[in-house]
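The chain contents come next:
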Amino acid sequence: QVQMNVDAPLYGWLTHDMQIEPGAALECGRFIQPRVEPEIAFVTKSDLEGPQVGVTAVLAATDFVCAAIDVLDSRYSGYQFTLPDVVADNASAAGFVLAGTAVDPRGLDLRLLGTVLERNGVLASTAAGAAVMGHPAAAVAWLVRSLAARGTGLPAGSIVLSGALTEAIAVSPGDTVTARIDRLGTVEIACR
């Protein structure tokens with residue numbers, strides 16, 4: 001929130017066209033100013049809805065979690081925007097890649113999972129799962145409660161990126177970005 005100059009959580013929508021398959025390149029020319037950030041992705045196995053949903057309900061409805069890289073893009077130069085601006089720009093959501101490893105979250109303390117983000121083999125940033133609203137599942141619960149206020153919910157089979165674990169970093173052709181999340185594995189994307 002500090003990096004993006006917004007003071008509240010927000011959400012955008014992911015589409016099938018945004019998903020980048022593992023091993024496929026990030027085509028930087030498709031974007032205005034691409035940035036990437038590591039996230040913990042949740043894939044649901046049952047519907048989630050209602051104004052009282054909390055962490056326990058999210059974990060019970062989760063089929064699996066995995067490491068992910070969120071690809072951001074913005075129509076606003078230098079990512080300088082207000083909260084209404086970024087909401088109108090679909091929360092800068094532009095693409096995502098999921099790790100090939102699906103992990104059952106039960107028995108894991110997602111708050112404590114360490115994250116390392118590297119660009120071209122050089123450490124860019126580190127974090128723990130608690131960097132996302134204290135618990136990544138708390139971010140998903142917030143989303144479900146926000147959707148409930150609009151009269152809808154999160155259907156089974158949904159992919160939810162729970163939020164940036166570190167600051168977003170700019171990428172350009174020739175870069176390779178790697179996100180390693182303890183117990184969830186590694187996800188990597190080459191940029192061209």
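Our subject is the structure listed above.
Nothing here was measured: the structure is a model prediction, and the numbers come from that model. (Residues numbered from 1 in each chain as written. Predicted model: local features only at pLDDT ≥ 70, side-chain atom pairs only at ≥ 80, totals over all residues. Heavy atoms only, no water.)

> Describe the overall build of the protein chain, with residues and values.
Secondary structure assignment for the protein chain yields 3 helices and 9 strands. In sequence order, the secondary structure elements of the protein chain are arranged as β-α-β-α-β-β-β-α-β-β-β-β. Projected onto its principal axes, the C-alpha positions of the protein chain cover 45 × 35 × 30 Å. Within the protein chain, the fraction of its 192 residues that count as buried is 48%. Surface accessibility of the protein chain: about 9,000 Å² in total, with carbon and sulfur atoms responsible for 51%. (Helix = DSSP H or I, 4+ residues; strand = E, 2+ residues; numbered from the N terminus. Buried < 20%, exposed > 50% of the residue type's maximum accessible area, 1.4 Å probe, protein only. Areas by Shrake-Rupley, 256 points an atom, 1.4 Å probe, with all protein chains shown as cover.)

> Describe in detail the packing of aromatic side chains, supporting the description with residues and values.
All chains considered together, the criterion is met by 2 aromatic pairs. Ring geometry for Y11 versus W13: centroids 5.6 Å apart, planes at 85 degrees, classification edge-to-face. For W13, a relative accessible area of 49% gives the class partly exposed. Centre to centre, the rings of Y11 and W142 are 6.1 Å apart; their planes meet at 65 degrees, and the pair counts as edge-to-face. Of this pair, Y11 sits in the segment before β1 (35–44) while W142 sits in helix α3 (residues 136–149), placing them 131 residues apart in sequence. (Phe/Tyr/Trp six-rings, centres within 6.5 Å; stacked < 30°, edge-to-face > 60°.)

> Give a description of the pattern of salt bridges that names residues and reports values.
Two side chains carrying opposite charge are able to pair once their charged atoms lie near each other. For the coordinates displayed, the defined rule picks out 4 salt bridges. Linking R192 and E27 is a salt bridge whose minimum nitrogen-to-oxygen distance equals 2.5 Å. Within this pair, whereas R192 is found in the segment after β9 (185–190), its partner E27 is found in the segment before β1, the two being separated by 165 residues in sequence. Relative accessible area serves as the criterion here: at 57%, R192 is assigned to the exposed category. The salt bridge partner of R106 is D104, with a shortest N-O separation of 3.1 Å. For D104, a relative accessible area of 40% gives the class partly exposed. (Salt bridge = Lys/Arg side-chain N within 4 Å of Asp/Glu carboxyl O.)

> Lay out α3 in plain terms, naming residues and giving numbers.
Taking 1.5 Å as the rise per residue, α3 with 14 residues should run 20 Å; its terminal C-alpha atoms sit 21 Å apart, in good agreement. Along α3, the residues that are buried comprise P136, A137, A138, A139, V140, A141, W142, L143, V144, S146 and L147. Check the buried side of α3 and you find it contacts β1, α1 (55–61) and β6 (159–161). G151 lies just past α3 and shows a positive phi near 80 degrees. (Expected span 1.5 Å × (residues − 1). Contact = heavy atoms within 4.5 Å.)

> Any details on the side chain of S162? Residues and values, ideally.
Here S162 shows up in the loop between β6 and β7 (169–170). At a separation of 2.7 Å, a polar atom in the side chain of S162 contacts the main-chain carbonyl oxygen of I40. The residues contacting S162, other than those within four sequence positions of it, are E39, I40, F42, V132, P136, A139 and V140. (Polar contact = N/O pair within 3.5 Å; in protein donor to acceptor, adjacent residues only side chain to side chain.)

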